[in-house]
Amino acid sequence: MAGAATPAADEPGDALDAYRAAAEAARQTADAAVPGDAVALTGSPENAAEVKTRLAGAHKQIALARKNALDAQTAARELIEQKKRELEQMMRDASALLEPLQKQMDRLQDGIGAVNLYLGRDEEIFPVREGQRAPADEVVLVRQTTLHMDEETAFLAGDGGMDYRNIGDFIEWLQADQANVNQIIPEVKGVVALQPRSTWKDYTGDAAIDARINQANFETFWLIRNGENLWLTSAPFTVGKHAVPKPNVFTDMFIERIGGITRPMQPGSTAWLKAEDAADKLTRHYMKVALLLQGLVDRTKVFHPLPESGLSFIDQAAYDRGVVRIITDDENVLTTGRQPFNDWLRDRTSNLDTGMRVVGVFSGYGRGFALYPSDKGREPANVHPRGAQPQDGVYTIKRIQDRHFDFSFTFDRTDEVWDQYRGYTKPQRKATGKFAVGDKFVLPLDTVTIDEMEEYLAARSERAEYEVMFPLLRAAIAFKREEQQEEQPFRDALVAVLAQTAGYDDLDEVGRTADELIRWYKTANKWHRPLNADDAKASRLILAEHKRRQTPTSDAALAAVRMAAPNAMVIARRTNDLIAVIPEVRRFQAPSVTENIWATVVTFTSSGMEKTRTSWQTLTRAQVAKWTILHRTDTWAGWTLDPNRDTHLTDDELDDFIDALLHRSGQLRSVRKYLDYLAKPNVGEPFRIVYSERGRDNDRDQIVATVHLSRDGLHYTRDAYAKRKGGQLEFFLDTEVESYESNRHHRTSWTLPFWGRVRPTHLVWRDTTVEEGLTTLIEDRAANAKAARARSRHATMLASAVRDDWQAQQWELLRLRYIEDFGDADLWDEHKKTVEAPKWPYNERFGNTDFLDRLTDAVVHAGHDPHGLTLAEAAALLLDGDVVVPAEVKTLRYPPADV
């Protein structure tokens, strides 16, 4: 029956039946309530009122029937959702019951895989070398670290290194030389894990395809040595970085890091349970290693003869008896004792200068030598003209002033170029190559020794860099050895002459002296070259230097020099006099300026009498090479030789720069041609100068300062540059910009504009009075802005409250109209859901605020309190009357103060 309550249902099926019944009842009610002549009128008001009453009654019956049906629909949906949640929980509960079973199955499958490793399933053993076996009592040593064939051999270093396809080449490498075997496994009896590569290699350019191919590069091989015998075995098992776990690997699993704080996990926590599971998996992983090795013991004779007590990689007793021992080479890595290769290479290239030689390897994987500019020309090519390819080899360099590069060299072109008259021809002019400090395709020759380069080649800790390191080092070593052979006649002749000199105990000492003198001569000359037996000039200068070195300096002369230059960091003897070098005491401090650049150089006679004293000098390697050091301090060890004077100013020059920025800005040159207005005096008053000696955007030939300006209570910056041209120092100004931090965020900030050119800690001049005044202005502005934002937020809330009140009034009007039409207030809430909410009609277009926002904001910012006022009363408070309130909303009120 229409309007009857739907009985409650406990099951979704019953709820759906109830919903269907209510919907059918609603349909029947609608059919019965609205006959065909329901809206027929006779033309009289009385008849119209009667029709309206009849229609309202029919509407009420249908609305009640529809509400009953919708209630039944809602009840059915809620019951279906409830049952769905219950079923899902039942499914989760069932899955939880199966989870232990799944874990047991996983462990069983893992155990089957471990047994297969022990049984040698899919295992291959390749005999590499044959010979005498080690005695039975020889300890079996297991290396902890997994090695990588590509790093150990450096095969194809210039082409990305070897991979899984070169395993045969690796075996031949082991067979070729016992030294190669000793490099990998020096123990008489032992085992080490190997992988073809340590890093990913690109094959197709498709990441998915390359990932599948690279799986073969990370498979584990085992190299077993037994005396002179060597075997390489493979098994379907990847061991990872270590064949034996590091001592702290398991304890570290139960350490968590939260908010930068490291602490032990709480037992029983979710993180603890996950860590337990991970530790269990890792334990079984390393147990597989032991089972794999034990299978080789029990199934093969690679470890025979065995000790009488037996050999076990599983039983701890075997380790306790010393039958098996672990070499924890990853925890005690033997290095060169030197700095990392990349740092060493950068230091060596930073000390280069004009006339020195480098060996270059320009082609190959990952070197960065660009024949063409990068996309959109952001990075220039390393050659001019672009596309010209230099041959690998030795080049003499020049220091250059360039935005991107530090040094250049020339080379003959082997390519052909098109000429409209002659066709393709070989270029007649040489090409130019360029490089910067730290580039990985050049290695200095004159400042490195064969011994230190061979140490890097032999250092396992540096093997990860083999693709860059090996080609460079091998080429440099080969060249230096060839040069030694070329110079051998000269050296032999020099040794013969020096051997007749008193003061040497044996020929080895003579040879060391000869080598040192040859290095001295090469370093002391600007243009480096090999020496030949007929080089009379070199012989004369070297013998004179040797004589000078053998001539002792009197104690009285040295004492006189030390008295005249007590702060000297180095005192040395030259050919005919003495020299002392005193660091300049700078008025400006680091990090703004470099402190180990400028020095006062004092010369003395051989008897210790002062001759000259010259301030603010830099030192070159060629100078120092001609000295015999008599006294030095720790400061001398860190002194910069061959500095680029174009990126350093003396204190007087820096004072002149600051004076120009503060008082002579109108005399400064424009940094851009034909834009003289850029060099006009600053309108603002400078209050801070920040300075850097490195140069703008890493320019090698500029020094940059940022001038902070004060104008109208605002903070600005302006970049300035110092540049040497023809021995003269010139100053330039760039454009003035508004400081992002100070003006946008209302605070005086040390942060420079977002592009960043100098470090804000490099302060060289400051006017605290101007800065304090500017700071006060900015802080006051910040406080005012904060108060204004608070007032704006309050105004927004008040305007929103008025709109809410207006909307509530509109809803009430609609409700009364509905009751008037249908005569039943009980159905309003259901009807309201079908009606669009009333919208405030005064929103202005194009993003402008409407009159209410402008009115409220103006009243609040004027200092008035609009609480409880009508809009008309609030508008009357404004003197200018710019805000017009529509008549239909003048009586709307702002909420009272306590709301």
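### A word on the overall build of the protein chain
Consideration 1: On a plain count of helices and strands, the protein chain comes out with 23 helices and 29 strands.
Consideration 2: A buried classification covers 40% of the 899 residues belonging to the protein chain.
Consideration 3: Considering only intrachain contacts with a sequence separation of at least 6, the fraction spanning at least 24 residues in the protein chain is 65%.

### Digging into helix H18 (residues 651-663)
Consideration 1: For H18, which comprises 13 residues, the first-to-last C-alpha distance of 18 Å matches the rise-based estimate of 18 Å (1.5 Å per residue) to within 8%.
Consideration 2: Every buried residue of H18 is accounted for by Asp-651, Leu-654, Phe-657, Ile-658, Ala-660, Leu-661 and Leu-662.

### A look at the packing of helix H13 (residues 507-524) against helix H14 (residues 536-550)
Consideration 1: H14 packs onto H13 with a crossing angle of 115° between their chain directions and a minimal axis gap of 10 Å. For the element pair H13 and H14, the recorded crossing hand is right-handed. On H14, the residues that touch Thr-513, Glu-516, Leu-517, Ile-518, Trp-520 and Tyr-521 of H13 are Lys-537, Ala-538, Leu-541, Ile-542, Glu-545, His-546 and Arg-549.
Consideration 2: Looking at the contact of H13 with H14 residue by residue, the class counts come to seven nonpolar, two polar and four charged.

### Some thoughts on the sheet that holds strand E12 (residues 393-396)
Consideration 1: The strand order across the open sheet built from three strands is E12-E10-E18, with neighbouring strands paired in antiparallel fashion. Two strands in the sheet have a free side with no partner beyond their single neighbour: E12 and strand E18 (442-444). For this sheet the average axis-to-axis angle between neighbouring strands, irrespective of direction, equals 30°.
Consideration 2: In terms of strand pairing, strand E10 (residues 357-360) meets E18 through three bridges, oriented antiparallel. In the sheet register, Gly-360 faces E18, and the bridge partner there is Val-442.

### With respect to the pattern of salt bridges
Consideration 1: With the rule as written, the count across this model stands at 29 salt bridges.
Consideration 2: As a salt-bridge pair, Arg-766 and Glu-771 come within 2.6 Å of each other at their nearest N and O atoms.
Consideration 3: Look at Arg-766 and you get partly exposed, because its relative accessible area is 39%.
Consideration 4: The exposure class of Glu-771 is buried, given its relative accessible area of 6%.
Consideration 5: Each of Asp-163, Arg-165 and Lys-201 takes part in salt bridges that share partners, so that together they form one network.

### What about the nonpolar core?
Side chains that are nonpolar tend, in soluble globular proteins, to be buried together.
Consideration 1: Within the largest apolar cluster, 24 residues are counted, with the highest numbers of intra-cluster contacts made by Trp-222, Leu-292, Leu-293, Phe-303, Leu-311 and Phe-313.
Consideration 2: Counting residues per element, the ones that place at least two in this core are strand E2 (140-143), strand E4 (189-195), strand E5 (221-226) and helix H8 (270-299).
Consideration 3: Excluding its chain neighbours within four sequence positions, the residues that come into contact with Phe-303 are Val-140, Lys-189, Ile-224, Asn-226, Leu-293, Leu-296, Val-297, Leu-311 and Phe-313.
Consideration 4: Phe-588, Ala-660, Ala-722 and Phe-731 belong to the second largest nonpolar core, which has 22 residues in total.

### Let's talk about the packing of helix H20 (residues 768-822) against helix H22 (residues 851-861)
Consideration 1: Where H20 contacts H22, the two axes come as close as 9 Å, and the packing angle between them is 135°. In terms of their interaxial angle, H20 and H22 are classed as oblique. Crossing of H20 against H22: the hand is right-handed. Contacts between H20 and H22 involve Ala-788, Arg-791, Ser-792, His-794, Ala-795, Leu-798, Ala-799, Val-802 and Arg-803 on the former and, on the latter, Leu-852, Asp-853, Thr-856, Asp-857, Val-860 and His-861.
Consideration 2: Residues of the contact of H20 with H22, tallied by class, amount to seven nonpolar, four polar and four charged.

### Comments concerning unusual backbone geometry
Consideration 1: Cis geometry marks the peptide bond from His-384 to Pro-385; its omega dihedral reads 0°.
Consideration 2: Within the secondary structure, Pro-385 is located in the loop between strand E11 (383-384) and E12.
Consideration 3: Here the residue pair Ala-590 and Pro-591 is connected by a cis peptide bond, since its omega of 10° sits within 30 degrees of zero.
Consideration 4: The topology assignment puts Pro-591 in the loop between strand E20 (577-583) and strand E21 (599-605).
Consideration 5: With phi around 55°, Trp-616 is a residue other than glycine that occupies positive phi space.
Consideration 6: Along the chain, the position of Trp-616 falls in strand E22 (residues 610-617).

### Focus: the sheet that holds E20
Consideration 1: Strands sit in the order E22-E21-E20-E19-E23 across an open sheet of five strands; the sheet is antiparallel. Each of the sheet's edge strands pairs with one partner strand only, and the pair in question is E22 and strand E23 (628-632). Sheet twist, expressed as the average angle between the axes of neighbouring strands with direction ignored, equals 20°.
Consideration 2: Pairing analysis gives four bridges linking strand E19 (residues 570-573) to E20, with the strands arranged antiparallel. Pairing of Arg-573 across the sheet is with Leu-578, part of E20.

### Looking at the side chain of Ser-234
Consideration 1: Tracing the chain through its elements places Ser-234 in strand E6 (residues 229-234).
Consideration 2: The exposure class of Ser-234 is buried, given its relative accessible area of 12%.
Consideration 3: Residues contacting Ser-234, with those up to four places away along its chain left out, are Asp-122, Glu-123, Glu-124, Phe-126, Thr-220 and Phe-221.

### Points about the environment of Tyr-395
Consideration 1: Note on placement: Tyr-395 falls in strand E12.
Consideration 2: Sequence spacing of Tyr-395 and Thr-410 is 15 residues, and the spatial spacing of their C-alpha atoms is 7.7 Å.
Consideration 3: With sequence-adjacent residues up to four places away left out, Tyr-395 is seen in contact with Met-356, Arg-357, Val-358, Phe-362, Pro-390, Phe-409, Thr-410 and Phe-411.
Consideration 4: In terms of polar contacts, Tyr-395 uses its side chain to reach the backbone carbonyl oxygen of Gln-391, at 2.6 Å.

### Side note on the packing of aromatic side chains
Consideration 1: Under the defined criterion, the tally for this structure stands at 21 aromatic pairs.
Consideration 2: A ring pair is formed by Phe-170 and Trp-173, whose centres lie 5.9 Å apart and whose planes are at 25°; its orientation type is stacked. In this pair, Phe-170 and Trp-173 both sit in helix H4 (residues 167-176), three residues apart, roughly one turn of the helix.
Consideration 3: Taking 5.5 Å as the distance between ring centres and 85° as the angle between the ring planes, the aromatic pair formed by Tyr-842 and Phe-851 counts as edge-to-face.

### Section: the environment of Thr-605
Consideration 1: Secondary-structure assignment places Thr-605 in strand E21.
Consideration 2: Since its relative accessible area comes to 23%, Thr-605 is described here as partly exposed.
Consideration 3: Through-space distance from the C-alpha of Thr-605 to that of Leu-578 is 6.1 Å; in sequence the pair is 27 residues apart.
Consideration 4: Ignoring sequence-local partners within four residues, the contact set of Thr-605 consists of Asp-577, Leu-578 and Lys-611.

### A word on the environment of Glu-152
Consideration 1: Structurally, the position occupied by Glu-152 is in helix H3 (residues 149-153).
Consideration 2: Taking the C-alpha atoms as reference points, Glu-152 and Phe-170, separated by 18 residues in sequence, lie 9.5 Å from one another.

### What about the side chain of Thr-220?
Consideration 1: Residue placement: Thr-220 occurs in the loop between helix H6 (207-214) and E5.
Consideration 2: In this structure the side chain of Thr-220 is engaged in a polar contact, spanning 3.5 Å, whose partner is the backbone oxygen of Phe-237.
Consideration 3: A distance of 2.8 Å separates the side chain of Thr-220 from the backbone nitrogen of Val-239, its partner in a polar contact.
Consideration 4: With residues up to four places along the chain from it excluded, the contact list for Thr-220 reads Ala-193, Leu-194, Gln-195, Ser-234, Ala-235, Phe-237, Thr-238, Val-239 and Gly-240.

### As for the pairing of E5
Consideration 1: Where burial is concerned, most of E5 is hidden: six out of the six residues are buried.
Consideration 2: Of the two faces of E5, the one carrying Phe-221, Leu-223 and Arg-225 and the one carrying Trp-222, Ile-224 and Asn-226 are both buried.
Consideration 3: The sheet contact formed by E4 and E5 spans six bridges and is antiparallel. If you follow Val-191 over to E5, its bridge partner there is Ile-224.
Consideration 4: One ladder, built from six bridges, connects E5 with E6; its direction is antiparallel. Its bridge partner being in E6, Arg-225 is matched across the sheet by Leu-230.
Consideration 5: Counted between consecutive antiparallel strands, the loop separating E5 from E6 contains two residues, among which Gly-227 sits at a positive phi close to 70°.

### Quick look at the confidence of the model for the protein chain
Low pLDDT marks stretches whose predicted atomic positions should not be read closely.
Consideration 1: Here the protein chain averages 80 in pLDDT, while 84% of its residues score no lower than 70.
Consideration 2: Scored below 50 in pLDDT, residues 1-6 shows eight contacts in the model against residues more than four places distant or in partner chains.
Consideration 3: Per-residue pLDDT stays below 50 along residues 331-336; that stretch engages in ten contacts with residues further than four places along the chain or on separate chains.

Thresholds, definitions, all that
Residues numbered from 1 in each chain as written. Predicted model: local features only at pLDDT ≥ 70, side-chain atom pairs only at ≥ 80, totals over all residues. Heavy atoms only, no water. Helix = DSSP H or I, 4+ residues; strand = E, 2+ residues; numbered from the N terminus. Buried < 20%, exposed > 50% of the residue type's maximum accessible area, 1.4 Å probe, protein only. Contact = heavy atoms within 4.5 Å. Expected span 1.5 Å × (residues − 1). Axes fitted to C-alpha atoms, helices over the stretch in contact; angles between N-to-C directions. Left-handed = near helix turned anticlockwise from the far one by under 90°. Nonpolar A, V, L, I, M, F, W, Y, C, P; charged D, E, K, R; others polar. Pairing = 2+ DSSP bridges. Salt bridge = Lys/Arg side-chain N within 4 Å of Asp/Glu carboxyl O. Core = buried A, V, L, I, M, F, W, Y, C linked by side-chain atoms within 4.5 Å. Parallel < 35°, antiparallel > 145°, perpendicular 65-115°, else oblique. Polar contact = N/O pair within 3.5 Å; in protein donor to acceptor, adjacent residues only side chain to side chain. Phe/Tyr/Trp six-rings, centres within 6.5 Å; stacked < 30°, edge-to-face > 60°. pLDDT = per-residue confidence, 0-100.

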